[in-house]
Amino acid sequence: MVIVLAVVSYVLLGVGVLHKGANKSAVANITATIRAGGSTWINPQMQVWIRNFTSMYPGISITYDSVGSGTGVTRFLQGVYDIAASDVPMPTQLYMNATSKYGKMITIPDSIGAVAFIYNIPGFTGTLNLTADVIAGIYLGKIRYWDDPAITSLNKGFKFPHEPIIAVHRSDGSGTTFTLTLWLYKSSEEWKNSGVKYGYVVNWPVDQLGTGLGGKGSEGVTAYVKQNQWSIGYVELSYAIVNNLSVAAVQNPVTGEFVKPSYSTTLNALSAVDLSSVPSVTDNWYPYAGIFMNINAHNAYPIVGGTYLHFPAEYTDCNKAIAIYLFIKYILTNGQKGLIEGYVPLPSSLAQRLANEVGNSMICNGKPVSSMVK
């Protein structure tokens with residue numbers, strides 16, 4: 001979104017309809033409330049976006065609940081939230097449920113990130129190397145001790161003790177879990193054949209052995225790993241950076257390289273994706289989940305995904321529609337600048353395309369919302 005609107009062609013009326021001939025203060029003074037929630041992955045950056053945006057539009061109140069992607073989508077379908085945030089596109093059945101309730105839906109990615117493996121191994125000072133099969137083995141309960149040959153063969157510079165591996169995972173409905181388990185399903189025959197599959201919530205076989213721990217939110221997983229020696233867990237890269245946690249190098253199944261997650265290695269993956277294949281904002285994005293994973297590029301981290309926002313295209317409350325449009329446009333334009341460390345901005349050409357499509361797709365009482373703020 002442009003931060004300062006050069007021309008405003010409508011003025012605000014009490015019922016939320018705008019007419020021609022207004023100055024830009026009409027939109028700047030708009031009053032509306034936006035309720036959003038879901039992904040814990042995007043929460044730190046979302047709070048920055050909300051703070052910066054509402055400083056320009058003090059009449060627009062935005063709340064964001066970091067409750068996990070699954071809960072966010074559920075509450076959106078229940079009518080609690082105006083915008084749902086998730087770490088994967090809304091699964092097809094839920095997308096169909098949303099279109100049945102709200103009519104045409106809009107989905108946009110708002111940033112790109114990585115799922116990182118964090119660990120607490122006393123005395124280990126190098127970088128832990130992992131493969132998809134090793135990660136699958138740990139969470140399936142088939143690799144139970146740190147001195148298992150599958151681990152030691154990848155990390156020959158350290159003598160691992162015979163200590164049980166504490167495998168930490170999310171306990172709540174999580175897009176981070178969805179991203180990880182989808183990647184495991186795509187990358188490990190061991191996982192694919194296990195029957196666990198992928199989703200916001202899965203049944204972790206390691207829990208049945210008593211060595212699995214479920215933490216609520218990325219905050220809970222991070223806390224468990226920090227508190228428990230000989231543990232391993234997965235979080236968004238941004239959480240690992242904020243909490244100063246060691247991150248593992250994961251083998252890209254396509255290139256064979258062991259790559260640590262970082263801004264640059266995430267960008268390496270993103271830069272090699274054919275963005276012309278990215279769907280329209282009004283399409284079902286779920287078939288494209290995993291589009292950023294296992295990219296065939298040098299030093300490209302393999303577990304890369306987008307974070308997504310979902311909201312209706314059609315409105316009767318034009319104040320709310322304008323407020324949502326302005327906020328989404330801001331996220332896709334000025335909001336992409338200076339992201340928190342660990343988040344990668346969308347390519348500018350893609351972000352602008354998405355912003356234009358949102359402007360053409362949002363309708364209030366039969367009129368394009370974008371025409372109300374020009």
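A brief report on the enclosed structure follows. Since the structure is predicted, the reported quantities are computational estimates derived from the model, not experimental observations.

Procedures and definitions
Residues numbered from 1 in each chain as written. Predicted model: local features only at pLDDT ≥ 70, side-chain atom pairs only at ≥ 80, totals over all residues. Heavy atoms only, no water. Helix = DSSP H or I, 4+ residues; strand = E, 2+ residues; numbered from the N terminus. Rg over C-alpha atoms; globule rule 2.2 N^0.38 Å. Buried < 20%, exposed > 50% of the residue type's maximum accessible area, 1.4 Å probe, protein only. Contact = heavy atoms within 4.5 Å. Areas by Shrake-Rupley, 256 points an atom, 1.4 Å probe, with all protein chains shown as cover. Lys, Arg positive; Asp, Glu negative; His and termini not counted. Charge placed at Lys NZ, Arg CZ, Asp CG, Glu CD. Polar contact = N/O pair within 3.5 Å; in protein donor to acceptor, adjacent residues only side chain to side chain. Disulfide = S-S within 2.5 Å. Pairing = 2+ DSSP bridges. Axes fitted to C-alpha atoms, helices over the stretch in contact; angles between N-to-C directions. Parallel < 35°, antiparallel > 145°, perpendicular 65-115°, else oblique. Left-handed = near helix turned anticlockwise from the far one by under 90°. Nonpolar A, V, L, I, M, F, W, Y, C, P; charged D, E, K, R; others polar. Core = buried A, V, L, I, M, F, W, Y, C linked by side-chain atoms within 4.5 Å. Salt bridge = Lys/Arg side-chain N within 4 Å of Asp/Glu carboxyl O. Right-handed = clockwise from strand over helix to strand, strands pointing away.

### Considering the overall build of the chain
Part 1: Helices and strands together make up the secondary structure of the chain, namely 13 helices and 16 strands.
Part 2: Relative to a compact globule of 374 residues, whose C-alpha radius of gyration would be 21 Å, the chain shows 22 Å and is just as compact.
Part 3: Principal axes of the C-alpha set define a box for the chain whose edges measure 75 × 35 × 35 Å.
Part 4: A burial count over the chain gives 56% of its 374 residues as buried.
Part 5: Nonlocal contacts in the chain, meaning residues at least 24 apart in sequence, comprise 74% of its contacts between residues at least 6 apart.
Part 6: Summing over all exposed atoms, the chain offers an accessible surface of approximately 14500 Å²; the carbon and sulfur share of this is 50%.
Part 7: In the chain, which carries 24 positive and 21 negative side-chain charges, the distance between the mean positions of the two groups comes to 8 Å.

### Considerations on the side chain of N155
Part 1: Inspection of the secondary structure assignment puts N155 in the loop between α6 (149–152) and β8 (166–170).
Part 2: Within the structure, the side chain of N155 is placed 2.9 Å from the backbone oxygen of I151, a separation counted as a polar contact.
Part 3: With near-sequence residues (within four places) excluded, N155 lies in contact with F124, T127, L128, N129 and F160.

### A closer look at the state of the cysteines
Part 1: Taken as a whole and judged by the stated rule, the model has 1 disulfide.
Part 2: Disulfide pairing is shown between C318 and C364; the S-S distance is 2.1 Å. Taking the sign of the S-S torsion, about -100° here, the bridge from C318 to C364 comes out left-handed. Placement of the pair is C318 in helix α12 (residues 318–332) and C364 in strand β15 (residues 363–364), with a sequence separation of 46 residues. Accessibility assignment for this pair places C318 and C364 in one class, buried.

### Regarding the sheet that holds strand β14 (residues 314–315)
Part 1: Read from one edge to the other, the open sheet built from 3 strands follows the order β14-β15-β16, with strand pairing classed as mixed. Lying at the two open borders of the sheet, with one neighbouring strand each, are β14 and β16 (367–368).
Part 2: Pairing of β15 with β16 involves 2 bridges; the strand directions are antiparallel. Within β16, the position partnered with I363 by the bridge is P368.

### As for the packing of helix α2 (residues 43–56) against α12
The geometry of a pair of packed helices is captured by two quantities: the angle between their axes and the separation between those axes.
Part 1: Look at α2 against α12: their axes get within 11 Å of each other, and the N-to-C directions meet at 120°. The orientation of α2 with respect to α12, classified from their angle, is oblique. In this structure, α2 meets α12 at a crossing whose hand is right-handed. Along the contact surface, α2 presents M46, W49, I50, N52, F53 and M56, while α12 presents A323, L326, F327, Y330 and I331.
Part 2: Here the residues of the contact of α2 with α12 sort into 10 nonpolar, 1 polar and no charged.

### Quick look at the nonpolar core
Part 1: Among the nonpolar cores identified, the biggest contains 127 residues, and F117, L128, Y139, I232, F311, F327 and V358 are the most heavily contacted of them.
Part 2: With 12 residues, the single largest contributor to this core is α12.
Part 3: Not counting the four nearest positions on each side in its chain, F311 is found in contact with F76, D82, I83, M105, I106, I108, I324, I328, V358 and M362.

### Brief notes about the pattern of salt bridges
Part 1: Scanning the entire structure with this criterion turns up 6 salt bridges.
Part 2: Measuring nitrogen to oxygen at the nearest pair gives 3.7 Å for the salt bridge that ties D82 to R35. Of this pair, D82 sits in the loop between α3 (69–77) and β5 (83–86) while R35 is found in strand β3 (residues 32–38), placing the two residues 47 residues apart along the sequence.
Part 3: On the basis of relative accessibility, which here comes to 11%, the residue D82 falls in the buried class.
Part 4: Taking the relative accessible area as the measure of exposure, R35 reaches 35% and is therefore partly exposed.
Part 5: The salt bridge involving R353 is made with E357; its shortest N-O contact spans 3.1 Å.

### Thoughts on the pairing of strand β4 (residues 60–66)
Part 1: Pairing geometry for β3 and β4, over 7 bridges, is parallel. Across the sheet, residue T33 finds its bridge partner in β4, namely S61.
Part 2: Note that the unit made of β3, α2 and β4 has a crossover that is right-handed.

### A few points about the packing of α12 against helix α13 (residues 348–361)
Part 1: In contact at an axis separation of 9 Å, α12 and α13 are set at 170° when each is read in the N-to-C sense. Viewed along their axes, α12 and α13 adopt a mutual orientation that is roughly antiparallel. For the pair α12 and α13, contact is made by Y325, I328 and L332 and by A351, L354, A355, V358 and G359, respectively.
Part 2: Per-class residue counts for the contact of α12 with α13 are 7 nonpolar, 1 polar and no charged.

Fair warning: the whole summary comes from geometry, so function is off the table for now.
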